[in-house]
There are 2 protein chains.
Amino acid sequence: MFEDQSQELTPISKLGEFGLIRHLTEHFPLSNETSELGIGDDAAVINPGNKRIVLSTDLLAEGVHFNLGYVPLKHLGYKAVIVNLSDIAAMNAVPTQILVSLAVSNRFPVEALEEIYDGIQAACKRYKVDLVGGDTTSSNSGLVMSITVVGIENEEGIVKRSGAKPNDLLVVTGDLGGAYMGLQILEREHAVFLANPDMQPEMEGYDYILERQLKPEARTDIKNILEELDIKPTSMIDISDGLASEILHISEQSGVGFRLYEEKIPMDSLTVSTADELNLNPVMTALSGGEDYELLFTISPNDFDKIKNHPDFTIIGHAVDKQEGNFMVARGSNQLVPLTAQGWDAFLNK
Amino acid sequence: MFEDQSQELTPISKLGEFGLIRHLTEHFPLSNETSELGIGDDAAVINPGNKRIVLSTDLLAEGVHFNLGYVPLKHLGYKAVIVNLSDIAAMNAVPTQILVSLAVSNRFPVEALEEIYDGIQAACKRYKVDLVGGDTTSSNSGLVMSITVVGIENEEGIVKRSGAKPNDLLVVTGDLGGAYMGLQILEREHAVFLANPDMQPEMEGYDYILERQLKPEARTDIKNILEELDIKPTSMIDISDGLASEILHISEQSGVGFRLYEEKIPMDSLTVSTADELNLNPVMTALSGGEDYELLFTISPNDFDKIKNHPDFTIIGHAVDKQEGNFMVARGSNQLVPLTAQGWDAFLNK
C-alpha cells in the first residue's frame with residue numbers, strides 16, 4: 001500500500017487535525033482567478049463572474065472502490081480527482097476548484113496521506129484546478145475519500161443528459177473496456193501474490209490497460225475540440241459505469257431510444273486480446289465494465305460531416321423514438337440485443 | 001440506532017445504487033431560484049447571479065463524530081446539515097444548496113437511510129436549502145457522511161476570519177458549553193445501558209443540553225439581525241471546536257491577540273449545574289467543549305452602542321496587539337490565563 005518503506009513514519013496524532021490539513025495542503029497555491037479564498041476560513045469563496053457554477057461530488061471507499069493491496073496511494077489521489085473532473089467535462093464545463101475530504105484510520109501514517117495528496121496535486125496541476133477546501137478526520141475503519149468539484153460555464157454552454165432527439169448521432173470518445181480489463185489483471189496478480197508472496201506479478205505487456213485502470217484521464221480536452229468543430233452536443237454523460245448504463249441514462253432523461261452498433265464500439269487491441277485470454281466477452285467489458293471516463297454524447301445529424309473522420313470520436317449509433325427502445329445491433333447478424341444496465345453497482349457487487 | 005423496529009426491513013441491494021438515490025431524494029423539490037439543475041445529471045447547476053459562491057464541506061464518521069448507540073438517525077441527518085450551514089453563516093453568507101454523500105455498510109437497511117434523509121429534509125425545509133447532488137455507496141465498515149454546502153453572497157457582504165483589528169470587540173451569540181454537557185449525559189446513560197440493558201436512562205431535566213447536542217441549530221438568523229443593526233463584523237467564525245480554539249483561529253488569521261473575560265462567557269444555568277454535577281469545570285466546557293455552533297465575531301468599537309444590550313449577543317472580550325498574546329482574564333482575580341486550543345480534535349481524541 002505504501003511505497004517508501006525505509007523512512008520513519010509519523011503518526012497522524014503528532015500533527016493533529018489542523019496541523020495535518022495545513023501540512024498536506026501547504027503546496028497547493030491558488031492559480032485560477034475565480035478562486036478568491038482557499039483553505040483556512042470557514043468556507044472557500046469563488047467568483048464565477050456572470051457564469052454558472054457546476055457542482056458534483058463523489059465518495060470513494062476502501063474495499064469498495066479501491067483495494068490498497070494493489071493501488072498505489074498516489075494513483076488513488078490522482079484518480080479520485082479525475083473521476084470528479086470527468087463529471088464536469090460531461091457537463092461541457094471547465095473544472096476550476098475541488099474540495100477534498102478524507103476519513104482515515106490511525107493505521108495510516110502522515111507519509112501515506114502525503115502520497116495521496118501528491119497524487120491530488122499532480123491532477124490539480126495537470127488540469128489547472130485549485131484545491132480550496134476539505135476536511136480531514138479519523139475513521140474507525142478504512143480510508144474514505146470524498147471529493148467535490150466545481151466547474152464554471154456560460155449558461156448556453158452547459159450540456160445536460162436531457163437534450164437528445166430522435167435521429168441524433170451517438171458518439172463516444174477514445175476506446176472502451178480497457179479500465180475493466182486492467183482491473184482484472186490487477187486482481188489476478190494480487191490473488192497470485194496473496195497465495196504466494198514470493199511470486200513476481202506478471203504485469204508486462206499490459207501497460208495500456210493498467211494505466212486505464214490506475215491512472216485514467218478526464219476528457220476535459222473534448223470541450224475545446226468540439227468548439228473548434230463548431231459542434232454543441234445535444235446531450236452528454238461520462239462513462240463511469242459502462243456504455244450500456246450511460247446510454248440508458250441519456251435515453252431516460254432525453255425521452256428517446258437508441259440503436260448501438262456492436263461493430264462500431266471502439267476497443268483497443270490489448271483490451272480485446274486480454275479479454276480473450278481471460279475468457280471474457282470483450283464487448284461486455286465495454287458495455288458493463290465502466291471506469292473508462294470517456295465521454296458519450298449525441299449530436300445533430302447535420303453535424304455528421306464535421307465529425308465523421310475525426311480521430312478522437314467514433315459514431316457508434318443513433319437515437320430513435322422512445323417506444324422503439326434501446327438495443328444493440330449485433331455484429332454480422334443484425335440481431336437486436338436489449339441494452340440492460342449491468343454496470344458496476346456499489347451495492348450489487350458487494 | 002433505528003427507531004421503528006416493527007416493520008420489515010429492505011436491504012439496500014434491492015434498490016441498487018441509482019434506485020436508492022432516486023428513492024431517497026424524490027421528496028426534495030428545488031425551491032431556490034439559484035438552483036437551476038438538481039440531482040440526476042453529471043453535476044448540479046447553480047446560478048449565483050453576480051454574487052460570490054461560498055463553499056464548505058464536512059465529513060462525519062461513525063464512532064468518531066457520532067455514536068449510533070444513542071444518536072437517532074434522523075437527528076444525525078439533521079445535525080450533519082446544520083454543521084455545514086453553520087460554516088456558511090460564519091462567512092455571513094446565505095446557504096442555498098447542499099450535496100450529500102453517504103457510505104454505508106450493508107447492515108443498514110433502506111429504512112435506516114430514509115430516517116437519515118428525513119432529518120436532512122427537515123433541515124433543508126427549515127433553512128430553505130436545496131439538495132442538489134451527492135453520492136451513495138456501500139462501505140466495508142460503518143457509516144460515513146460527507147456534506148458540501150453552497151452559500152451565495154455579495155462580495156462586500158462576506159466576512160472572513162482575517163479582518164479583526166486591535167480594540168475590536170469580541171462578541172458571541174447564544175450560550176456556550178451546552179452541547180458538550182449534553183454529550184456527557186448521553187455517554188453516561190449509554191454506559192449505564194450497556195452495563196444493564198434493563199435500566200431506564202435518566203434523561204429527565206436535561207432537555208436543553210440534550211437538544212444542544214442532538215439537534216443544534218445554525219445561526220443563519222444572525223446575518224439579518226446584524227444588518228438591521230447596521231453592523232458588519234470585521235471577522236467571524238463558528239464555534240465548532242470550542243471558544244478557545246476559535247479565538248486562536250481569528251487571532252492567527254487577523255494578526256491580533258485577544259483578552260477574553262471569564263465572567264462574561266454566556267452559559268445556560270443547566271450547563272453550569274450539570275458540569276457541577278459531573279465534577280467538570282463549566283468554563284472549560286465552553287472553552288474546549290465545542291459543537292455549540294454559535295457565531296464568534298469581532299466588531300469595531302464604534303458599534304458598541306448598537307449591540308450592548310441586545311439579547312442575542314454577549315460582548316466577551318476585545319482584540320489587542322498581536323504581541324500581547326491571547327489570554328483569559330480570570331473571574332475575580334484578574335489573573336491572565338493563557339488560551340490554548342484544547343478543543344475537540346478528531347485525531348487526538350482517538
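Keep in mind the model is a prediction, meaning the values are calculated, not measured.

J.: Mind showing me how you'd approach unusual backbone geometry here?
T.: Residues and elements named next belong to chain A. Within the chain, Lys128 stands out as a residue other than glycine whose phi angle is a positive 55°. The phi torsion at Asn279 lies on the positive side, around 60°, for a residue other than glycine. Mapped onto the fold, Asn279 is located in the loop between α8 (269-277) and α9 (282-288). Among the residues examined, Asn279 registers a relative accessible area of 72% and is labelled exposed.

J.: I tried to follow the interface of chain B and chain A on my own but got confused; where do I start?
T.: Taken residue by residue, the interface counts 75 residues in chain B and 75 residues in chain A. The junction of chain B with chain A conceals about 5700 Å² of combined surface from both sides, 54% of it contributed by carbon and sulfur atoms. Where chain B touches chain A, the interface holds eight salt bridges. Remark: the boundary between chain B and chain A carries 24 residue pairs in polar contact (both at pLDDT 80 or more). With nine residues, strand β3 (residues 52-61) of chain B is the largest single contributor of residues to the side of chain B that touches chain A.

J.: In this structure, what is going on with the UniProt feature "domain: PurM-like C-terminal" (unreviewed entry) in chain A? I would like to understand it.
T.: Here the UniProt-annotated "domain: PurM-like C-terminal" (unreviewed entry) positions come out as residues 165-327 of chain A. Taken as a whole, residues 165-327 of chain A contains 40% helix and 19% strand, while its terminal C-alpha atoms sit 16 Å from one another.

J.: What's the story with the domain arrangement of chain A in this structure? I'm lost.
T.: Accessible area lost upon the coming together of the parts is a frequently used measure of interface size. All names here are of chain A. Under the domain assignment, chain A is made up of domain 1 (12-157) and domain 2 (169-338). Distance from the C-alpha centre of domain 1 to the C-alpha centre of domain 2: 26 Å. Contacts between the two partners involve 24 residues from domain 1 and, on the opposite side, 20 residues from domain 2. Buried area between domain 1 and domain 2, summed over both chains or domains, comes out near 2000 Å², and the portion from carbon and sulfur atoms is 59%. Considering only the side of domain 1, the residues that lose the most area to domain 2 are Tyr70, Lys79 and Asn92, jointly responsible for 32% of the buried surface there. Ionic pairing is found between Arg126 and Glu217, a salt bridge with its closest N-O pair at 3.3 Å. In this assembly, domain 1 and domain 2 are joined by eleven residue pairs in polar contact (both at pLDDT 80 or more). Contributions of two or more residues to the side of domain 1 that touches domain 2 are made by α2 (73-89), β4 (94-104) and α3 (110-127). Take the side of domain 1 that touches domain 2: its biggest share by element is nine residues, from α2.

J.: Would you explain the sheet that holds strand β2 (residues 44-46) of chain B in this entry?
T.: Strand pairing in a sheet is mediated by backbone hydrogen bonds. Such pairs are either parallel or antiparallel. The strand order across the open sheet built from six strands is β5(A)-β4(A)-β6(A)-β3(A)-β2(B)-β1(B), with neighbouring strands paired in mixed fashion. Two strands bound the open sheet, and with one partner strand each, they are β5 (130-138) of chain A together with β1 (35-37) of chain B. Direction aside, the axes of adjacent strands within the sheet are offset by 20° on average.

J.: Please explain the pattern of salt bridges as it appears in this structure.
T.: Residue and element names in this part refer to chain A. As enumerated under the stated definition, the model contains 42 salt bridges over all chains in all. A salt bridge links Glu324 to Arg259; its shortest N-O distance comes to 4.0 Å. Placement of Glu324 in the loop between β11 (313-321) and β12 (326-329) and of Arg259 in strand β9 (residues 256-261) is noted, with a sequence separation of 65 residues between them. Judged by its relative accessible area of 12%, Arg259 is buried. Between Asp305 and Lys308 there is a salt bridge; the shortest N-O distance is 3.4 Å. Taking the relative accessible area as the measure of exposure, Asp305 reaches 56% and is therefore exposed. It is possible to trace a salt-bridge network through shared partners that takes in Arg212, Arg219, Asp221, Glu294 and Asp312.

Cut-offs used in this document
Residues numbered from 1 in each chain as written. Chains lettered and ligands numbered in written order. Predicted model: local features only at pLDDT ≥ 70, side-chain atom pairs only at ≥ 80, totals over all residues. Heavy atoms only, no water. Helix = DSSP H or I, 4+ residues; strand = E, 2+ residues; numbered from the N terminus. Buried < 20%, exposed > 50% of the residue type's maximum accessible area, 1.4 Å probe, protein only. Contact = heavy atoms within 4.5 Å. Buried area = accessible area lost by both parts, 1.4 Å probe. Salt bridge = Lys/Arg side-chain N within 4 Å of Asp/Glu carboxyl O. Polar contact = N/O pair within 3.5 Å; in protein donor to acceptor, adjacent residues only side chain to side chain. UniProt positions renumbered as here; feature names shortened; annotations may be inferred. Domains from an automatic or database assignment. Pairing = 2+ DSSP bridges. Axes fitted to C-alpha atoms, helices over the stretch in contact; angles between N-to-C directions.

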